[in-house]
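Chains, contacts and geometry: an overview
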Amino acid sequence: MIVPDVSLREVGAIRIELGAGVGDLSDTRFELVADSNGKSVSTGWRAFHFPEKTMSFGLSLPVSQSDTADIILRIEDTTRRAAEFGAFEIRKLDLIVGNRVPDADKLERPTAREAWPGAADLKALPRFADLKLNGHNATDTYELFDVSINRLEFGTRSEPVVRFKFTQAKGLLSVEFRKGGAGKRQIFQHWPGSQQDRHGEFFRIGLTVEGVAIGCKLVADADRRLVLVLLRLLPTIVATALQMTPADADKLQQWIGAARQLSKTAQHKIEEVSFK
């Protein structure tokens, strides 16, 4: 995580507070860094000491620290398997006004392997501001989440709101998009769906016993990129939505595993096959 170009004028220290969520974070380490043009000062690695669910730590800034810096939270977990999920939240990030310490020797330049990503690099990555859970229905064999992604940004494109549903039935995950009615903002240049029910036009992308089914024809390149970005973000979207409902660690990991499978399989098929 990086907060770029933070003003540190009159700031003597930085403090962060983290909260542990669902999943095992016992082998996860965190480090807070202030980086200015490749010169950095850090807290060193910190970890949760369970059963505590809150961890606070900070760093004092040296007098030679620039008045503008990227604030970075580094995360390391070398023992976690790909299917395992652990959640945490950043509860506070405080900039504390005060005197700085006369210890400029602690400023070090990272090696090329450890160099921090710049803000310009991160702007190209797909991201969204927050998620709204519009609806949630569950039975013994079926579960549905209706979500809105607010301020989706990737490349030079920005969408204020993207709404869709994801469901799971018999362990198979799918995502569903519906065409907005007249007068509503459309996120697709050319509507790619061909199915219709009493609620209107829609299309689905979902896992099947044989692999993955792509129920749309992505004619416009902008529409193809939008769907690929949403599929790339799907594991994060699913994890965020599930944590808004009563979900234990086992259920969360099962959903995350299904989301990763759909994300990877569907992206590969869309990139491989031309739907024009």
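Refer to the preceding data block for the structure.
Presented here is a report on the structure given in the accompanying data block. (Residues numbered from 1 in each chain as written. Predicted model: local features only at pLDDT ≥ 70, side-chain atom pairs only at ≥ 80, totals over all residues. Heavy atoms only, no water.)

**So, the packing of aromatic side chains**
Put simply, the rule reads: The pairing test for Phe, Tyr and Trp rings, Trp by its six-membered ring, is centres within 6.5 Å, and the orientation test on the planes gives stacked under 30 degrees, edge-to-face over 60, and tilted for anything in between. We count a stretch as a helix when DSSP gives it H or I for four or more residues in a row; a strand needs E for two or more, and each element gets its number in order from the N terminus. For the exposure calls, accessible area comes from a 1.4 Å probe over protein chains only, and a residue counts as buried if that area is under 20% of its type's maximum, exposed if over 50%, partly exposed in between.
In the structure shown here, the tally under the stated rule is eleven aromatic pairs. Relative to phenylalanine 166, the ring of phenylalanine 145 lies with its centre 5.0 Å away and its plane at 15 degrees, an arrangement referred to as stacked. Of this pair, phenylalanine 145 sits in strand β9 (residues 142-154) while phenylalanine 166 sits in strand β10 (residues 157-169), and the two are 21 residues apart along the sequence. Judged on exposure class, the residue phenylalanine 145 and its partner phenylalanine 166 are both buried.

**A closer look at unusual backbone geometry**
Phi at aspartate 5 takes a positive value of approximately 55 degrees, unusual for a residue other than glycine. Positionally, aspartate 5 belongs in strand β1 (residues 2-7).

**Here's the deal with the pairing of strand β13 (residues 200-207)**
Heads up, the condition is: Strands are treated as partners if at least two bridges between them are detected by DSSP.
A large share of β13 lies buried, amounting to six of its eight residues. Here strand β11 (residues 172-178) runs beside β13; their pairing, made up of five bridges, is antiparallel. Bridge pairing in β13 links glutamate 176 to arginine 204. Two elements, strand β12 (residues 195-197) and β13, share three bridges in a ladder whose sense is antiparallel. Bridging across to β13, aspartate 197 finds its partner in glycine 200. The hairpin formed by β12 and β13 contains two residues between the paired strands. Strand direction decides the pairing type here: β13 and strand β14 (residues 212-214), joined by three bridges, are antiparallel. Bridging from a neighbouring strand, isoleucine 205 pairs with isoleucine 214 of β14.

**Here we look at the side chain of threonine 43**
We apply this condition: Pairs of residues are marked as contacts when any of their non-hydrogen atoms sit within 4.5 Å.
Position of threonine 43 among the secondary structure elements: in the loop between β4 (39-42) and β5 (54-60). A relative accessible area of 11% means that threonine 43 is categorised as buried. If we skip the residues at most four places from it in the chain, threonine 43 touches Glu31, Leu32, Phe57, Gly58 and Leu59.

**Quick notes on the environment of arginine 225**
Within the fold, arginine 225 resides in helix α2 (residues 221-242). Linking arginine 225 and glutamate 271, residues 46 residues apart in sequence, is a C-alpha distance of 9.7 Å.

**Quick notes on the sheet that holds strand β3 (residues 29-36)**
To be explicit about the condition: Lines fitted to C-alpha atoms define the axes, with helix axes restricted to the stretch in contact, and inter-axis angles between N-to-C directions lie between 0 and 180 degrees.
As summarised here, the arrangement of the four strands in space is β1-β6-β3-β4, forming an open sheet in which the pairing is antiparallel. Of all strands in the sheet, those bounded by a partner on one side alone are β1 and β4. On average, each strand axis in the sheet is inclined to that of its neighbour by 25 degrees, with strand direction left out of account. Bridge count for β3 against β4 is four bridges, and the pairing is antiparallel. Looking across to β4, one finds that alanine 34 is bridged to valine 41.

**A few points about the packing of α2 against helix α3 (residues 249-272)**
Note the following rule: Working definition: roughly parallel below 35 degrees, roughly antiparallel above 145 degrees, roughly perpendicular at 65 to 115 degrees, and oblique for all remaining angles. The nonpolar class holds Ala, Val, Leu, Ile, Met, Phe, Trp, Tyr, Cys and Pro. Asp, Glu, Lys and Arg form the charged class, and all remaining residues, Gly among them, are polar.
Following both chains from N to C, one finds α2 and α3 inclined at 175 degrees, their axes separated by 9 Å at the closest point. Taken together, the axis directions place α2 and α3 in an arrangement best described as roughly antiparallel. On the side of α2, the interface is formed by Arg224, Val227, Leu228, Leu231, Arg232, Leu234, Pro235, Val238, Ala239 and Leu242, while α3 contributes Lys251, Leu252, Trp255, Ile256, Ala259, Arg260, Leu262, Ser263, Ala266, Gln267, Ile270 and Glu271. The residue makeup of the contact of α2 with α3, split by class, is 15 nonpolar, two polar and five charged.

**Some points on the side chain of serine 263**
We count it as follows: Definition of a polar contact: a pair of N or O atoms within 3.5 Å, with one able to donate and the other able to accept a hydrogen when the atoms are protein atoms, and with sequence-neighbouring residues admitted only if both atoms are side-chain atoms.
Along the chain, the position of serine 263 falls in helix α3. Engagement of the side chain of serine 263 in a polar contact is seen with the backbone oxygen of leucine 231, the distance being 2.6 Å. Of the polar contacts made by the side chain of serine 263, one reaches the side chain of glutamine 267; its length is 3.0 Å. Here serine 263 is in contact with Leu231, Arg232 and Pro235, once residues within four sequence places are set aside.

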